[in-house]
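An overview of the molecular structure
Residue-level listing of the chains:
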Amino acid sequence: MSNAIKETQKIIDEVLEAYPEKTREDRAKHLAPNDPTGECSTCKVKSNVKSRPGVMTVRGCAYAGAKGVVWGPVKDQITVSHGPVGCGQYSWGARRNYYNGQTGIDTFGTMHITTDFQEKDIVYGGDKGLEAALLELKELFPLARGIGILSECPVGLIGDDIEAVSKNAEKDFGYPIVPVRCEGFRGVSQSLGHHIANDTIRDFVLGKGELKESTPYDVSLIGDYNIGGDAWASRKMLEEMGLRVIAQWTGDASVNELGIAHKSKLNLIHCYRSMNYICRHMEEKYGVPWTEFNFFGPTKIYQSIRKIASYFDDRIKENAEKLIEKYKPVMDAVIERYKPTLEDKKVMLYVGGLRPRHTIGAYEDLGMEVVAAGYEFGHDDDYKRTYPELKEGAVIMDDATLYEMEEFARRLRPDMVGSGIKEKYSYHKMGVPFRQMHSWDYSGPYHGFDGFPVFARDMDMTVNSPTWSLIRRKR
Amino acid sequence: MKRIKIKDHNELFQEKEYLEQFEKKKEFENPWPAEKVREVAEWTKTEEYQEKNFARKNIKINPVKACQPLGAIFCASGFEGTMPFVQGAQGCVAYFRSHLNRHFKEPMAAISTSMTEDAAVFGGLNNMLEGLRNSYALYNPKMLAVCTTCMAEVIGDDLNAYIRQAKDKDIIPRDLPVPFAHTPSFVGSHITGYDNMMKGILTTITEGKKGEPNGKINIIPGFDTYTGNYREVKRLLGIMGVDFTLLSDVSDVFDSPNTGEYKMYPGGTPLEEAADSVNATATIALQKYSTVKTMKYIEKEWGQEALVLPPMGVKNTDRFFDEISRITGKPVPQEIEDERGRAVDAMIDSHPYVHGKRFALTGDPDILLGLISFILEMGGLPAHIVCTNGDKRFAAAANALLSESPFGQEATVYTGKDMWHLRSLMFTDPVDILIGNSYAKFLWRDTGTPLVRIGFPIFDRHHLHRYPVIGYQGVLNMVNWIVNTVLDEMDRKTMNTTSFDVIR
C-alpha cells in the first residue's frame, strides 16, 4: 500500500470517529482512498445500498429520478405528479432542462401538474380522480403528445392501480399514457427511479415513433437533460461531424424522438447511470450498438469524437479530425486564458449522475486536480469507471453525508467544491469557493466546444472571486 | 491577460447556427403546424377556455402551495440548536432543503430517517430509533423536532410511542426535548405544517413550566420567509422597550453572517426562553392562517390573551402598535410615529402611479390579506385574488376587507384555485400589475403583465427576503417595489415615444 493511500485512509478513519459504532462500520465501507491501478483490495467503495437513517444524506428518491431526469425533460408530454402537492412543487423548474416550444400549449416542461391528493384520496383511493384528471388534461391541453403519471409515495402504499387507469384511458386518447411507479420509498436513491422510468419508455413509447427515412449516419443522444443547453452544444458537434441526431433523450425531447431512437445506427450515451438500461435494451432487441462519450473539456472531447467516428466511415472520421482542427485553437485560447489562474488548484466533487468522473478531464485541462470525488447514487460500475480517472490517494466517497463533506473539506483544503444546492451555502459560510455542479449554478452549457469556455470562465470566477478574501475569519 | 469573449446560454442559443439547429430538429419532433399552435394559444386566452379551465376538479396546474413538512421544518429551524427530524422517505427532505436553500441562499440542515420498502411493510420504528441515535451523536442538537412525511402517515407510524421507546431504551437522553407533529402532505399545506410544529414544540417545551408571570409578550411570526421581517419586529419592539420572546426566530438561521465558519445552528429562539413563553402576558401572532391551532392552544391551555395582529400596510401596523401599547402599557414612541409619517409621505408622493391600477394577487392567505389591505390604502384596485391554500374563512376575511373600501369592489377571491386559473383570468380580464412569487413569472411571460415579487418562494431575484414587508419600513419597501415596477413598465412602453420622461 502506497503512502498516498495510507495517508488518505488515516484521514478517512479520523472522519469516521464521530459516528456511533454501527453507523461507523457501515460508512467505512463507503469511503476509500483511490487506487487507479485497481490493485489495492481495500480501495473500493460499496455503493447503491440504503442510507443510514439520521445522517443527512444528500440523496433524493425514485420520484426525483423519474421526474427530474427521465420523464420531466420530455417536453410535449404532460407529466402528472400523482399524489400530494409537495413533490411536484419542489421539482418544479428546478432542473433547467431547456427546451423549445410554447409552454402550456404544445410543450409542458416547466409546468407543475398534480392530482393534489387530499385525505379522502388516501381513504378511498385516487384512481377515480386520476381518470377524471386525465380527461380534464386532454380537454385543456389538446396538443399534448402523451401523459406520464408519476406516482408519489401514498399511491403505492394505498395500492392504487394506475396501470389500469392508464390502460383504460389510452384507448380514447390516441397517445401514450404512461404509468410510472416511482414512489419515493422505492429503492435507495434516485437511481431506481431512472431504471423504472427507462422501463416505461421501453414499454410504452419506444418503437412507436415515426421516422420518414433512415440514413447510415443516424444516431441518438441518450441521457443528456440539456441542462443549460448542454445537449444542443453536443448536438452541434455531432451534426458538424456529418452525423444525424434523430433523437435527443431526454432534454428538449419529444415523445416522437423517444419512439424512434431504436432506428439509430449508434446510441450515444452521456449519463450512463440514468439511461444505460434502455441502451442495453435497444442493443438486445434492435441490435443498436451504444457507446459512452464525454464532452467535458477538450481532451475528453477529442477522444470522444474520435471514438464516435470510429463507428462510421472515413468521411465521418475525416470530419471528426477537421472538427478538432477547427476548434483546437479556440480551446487552446481558453486554456491559455484560464490555466494561469487555475493551475494546481484542488477540487472536491460530490454530485449525482456522472459528473464527478466526467468533469475530471476538464478540470485537468485547466491544470486543476480533483482530490476527492463521489456520487450520491452511483453503482459499482460508476466507481469502476472513476478509479482510473483519479489520482492515487484521492478520497472516494459514496453517499457522503453533510458531516463527512465538511470534514473532508477541512482536511483536504480544496480550492473549490463542486456539488449541489444543499451543499452550496455551508461551503460559502466556510469560505470555500463553490460551484453547483447539478445545475451549473444557472449557467451553462458546459458540454462541447461551446461549453468549455463557459466552464472555464465559471471555475475561474468561483476560485478567484475577490469576495472570498473579504471574509474576516475567526481566529 | 488576453480577453476572450465567452458566450453562455443567454446568448449562445440565440445565434443563427443554433436557431437553424432547432429548426432542423423539428423534423424528428413531430411538431404541430405553427398555425395550429397559434390557434390553440389564442383559444387559451378566451372566455370559452376559462370556463373549461374553471370546470376542472381533479387536477391542479401550477398551484401556489407546498406541503406540510416544509412548514414544519422551517418552524423548527427557528429554535436554538434544533435539528428538524423527518420520519419518512428520504427524498422529501432533500426537496425541502433544496427549496429553502434556493429561497434564502443559505444552508439548511434537516434529517431524514430514509424509510424504504421494508419500512412500508414493517413500520418505521427501526428507522426512527437509528435515526435518533445517529443524528444525536453526529449533530449534537439541543432539540430534535420530529415531523412526518406522507409515507409515515399512510403506514400509521406512532411518533409519540416511538420517541418514548427511544428514551426508554436510552437511545437519546431522557431530558432531550423531542417535540413532534404529524404533518401529512395530503392535508393542508406548508402553513398547516408550520402550525402543527409550532404547537408541538410549544406543548413539549413548556410542559411543567407554568409559574410566575414573566411580564413578556410572545410573538409568533407564522410561516414568514422574510428574514427582514424578523429583524424588523425585533428592532421595533426594541425601540418601544417591550420585553418579548420571538417564537421561532429564523432571522439568524436563514441570514447568518459569513465568518468563514459553518455553524449548523446559527441562532434561533433560546430554548429556555421558549419554555418560559407559557408565563407571558399575551401572545401575538403576525399571521392567522399559519397559527390557527397554536393560538387556540395558547388561549385555552396557557390562559393568555392570544391575538392575531398582522402588521402589513399602514392601518394594520397602526393596530399592531396600538394593541402592543395597550397590552404592555408602553406608549408608541415618537421614533416609530416618525417612521409612520415617512411611510405615509412616500405613499402620498407615489399614489398617482398606483391609484386605479388593477392588481392580480397570488400567494399564501396571510400575505394576501396584507397585500389587499396595503393596495386598498394606495388606491389600487385588487381584481383577481388567487389563493390555492386559502379556506372559506380566508375568503370571508378577504371579502370583508374588500367590501369596506370603494377600491375593493372589483375584486373576486378564488380559493383552491391555481396559477393556471389565474392565467385565464388575466387574459379575459387583464390587470396592470401582478404580485406573486417567482413562479408567477410564467404569468408575466404569457400575459406581459409586470410582476412584483412578494411571497414565497422567490428563487430568481436575490435578497428580497432581507427587506421587511411588515411595519412602516415594510410599507416603504412595498411602495418602492410596486411604484418602480410601474415606472419601469412605463419606460419600456414609451421608450420610443414623446412620453419618455426623465422626471416622474
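Treat the numbers as computed from the prediction; the structure is a model and nothing was measured. (Residues numbered from 1 in each chain as written. Chains lettered and ligands numbered in written order. Predicted model: local features only at pLDDT ≥ 70, side-chain atom pairs only at ≥ 80, totals over all residues. Heavy atoms only, no water.)

It is worth spelling out the interface of chain B and chain A at this point. With 101 residues of chain B at the contact, the number on the chain A side is 117 residues. Summed over both partners, the interface of chain B with chain A buries about 9,400 Å², with 61% contributed by carbon and sulfur atoms. On the surface where chain B and chain A come into contact, there are 14 salt bridges. Across the salt bridge formed by D252 of chain A and K25 of chain B, the nearest N and O atoms sit 3.4 Å from each other. Applying the counting criterion to the chain B and chain A interface returns 45 residue pairs in polar contact (both at pLDDT 80 or more). Here the element with the most residues in the side of chain B that touches chain A is helix α6 (residues 90-104) of chain B; it accounts for 10 residues. (Contact = heavy atoms within 4.5 Å. Buried area = accessible area lost by both parts, 1.4 Å probe. Salt bridge = Lys/Arg side-chain N within 4 Å of Asp/Glu carboxyl O. Polar contact = N/O pair within 3.5 Å; in protein donor to acceptor, adjacent residues only side chain to side chain. Helix = DSSP H or I, 4+ residues; strand = E, 2+ residues; numbered from the N terminus.)

Here we come to the packing of aromatic side chains. Following the criterion strictly, the structure yields 42 aromatic pairs over all chains and no others. Judged by centre distance (4.4 Å) and plane angle (10 degrees), the ring pair of Y327 of chain A and F449 of chain A falls under stacked. Of this pair, Y327 of chain A sits in helix α14 (residues 314-342) while F449 of chain A is found in helix α20 (residues 448-463), placing the two residues 122 residues apart along the sequence. Look at F74 of chain B and F223 of chain B: their rings are 5.0 Å apart centre to centre, the planes differ by 55 degrees, and that puts the pair in the tilted class. One end of the pair, F74 of chain B, is in helix α5 (residues 68-77); the other, F223 of chain B, is in the loop between β6 (217-220) and α12 (227-240), with 149 residues separating them in the sequence. Neither F74 of chain B nor F223 of chain B differs from the other in exposure class; each is buried. An aromatic cluster is present here, built from F296, Y363, W440, Y446, F452 and F455 of chain A joined pairwise through their rings. R145 of chain A extends its terminal NZ or CZ atom over the ring of W32 of chain B, reaching a point 4.0 Å from the ring centre. (Phe/Tyr/Trp six-rings, centres within 6.5 Å; stacked < 30°, edge-to-face > 60°. Buried < 20%, exposed > 50% of the residue type's maximum accessible area, 1.4 Å probe, protein only. Lys NZ or Arg CZ within 6 Å of the ring centre and 35° of its normal.)

Another point: the confidence of the model for chain B. For chain B, the average pLDDT comes to 97, and 100% of its residues sit at 70 or higher. For this predicted complex, the interface confidence comes out at an ipTM of 0.97, alongside a pTM of 0.98. (pLDDT = per-residue confidence, 0-100.)

Once that is clear, we can look at the state of the cysteines. Residues and elements named next belong to chain A. A complete count under the given rule lists one disulfide over all chains for this structure. A disulfide bridge connects C40 with C43, and the sulfur atoms are separated by 2.2 Å. Taking the torsion about the S-S bond as the criterion, the C40 to C43 disulfide, at about 75 degrees, is right-handed. Assessed through its relative accessible area of 12%, C40 is described here as buried. (Disulfide = S-S within 2.5 Å.)

Another aspect to go through is the environment of I149 of chain A. By the secondary structure assignment, I149 of chain A is in strand β4 (residues 146-151). Along the primary structure I149 of chain A and T79 of chain A are separated by 70 residues, whereas in three dimensions their C-alpha atoms are 6.2 Å apart.

We now examine the side chain of R435 of chain A. Residue and element names in this part refer to chain A. Considering the arrangement of structural elements, one finds R435 in strand β14 (residues 434-436). When its relative accessible area of 7% is taken as the criterion, R435 is described as buried. In this structure, R435 is in contact with M416, V417, G418, S419, W440, D441, S443, Y446, D458, M459, M461 and T462, ignoring residues within four places of it in sequence.

Looking now at helix α19 (residues 419-428) of chain B. Residues and elements named next belong to chain B. Of all 10 residues making up α19, nine are buried, and the element is well covered by its neighbours. Within α19 the residues assigned to the buried category are M419, W420, H421, L422, R423, S424, L425, M426 and F427. The distance from a side-chain oxygen at the start of α19 to the backbone nitrogen of W420 is 3.0 Å, and the residue carrying that oxygen is D418.

Here we come to the pattern of salt bridges. In total, this model carries 76 salt bridges over all chains according to the counting rule given. With a shortest N-O distance of 3.1 Å, E23 of chain B and K26 of chain B are connected by a salt bridge. Of this pair, E23 of chain B and K26 of chain B both sit in helix α2 (residues 16-29), three residues apart, which is roughly one turn of that helix. If you follow the salt bridges from partner to partner, you end up with E14, E406, E407, R410 and R411 of chain A in one network.

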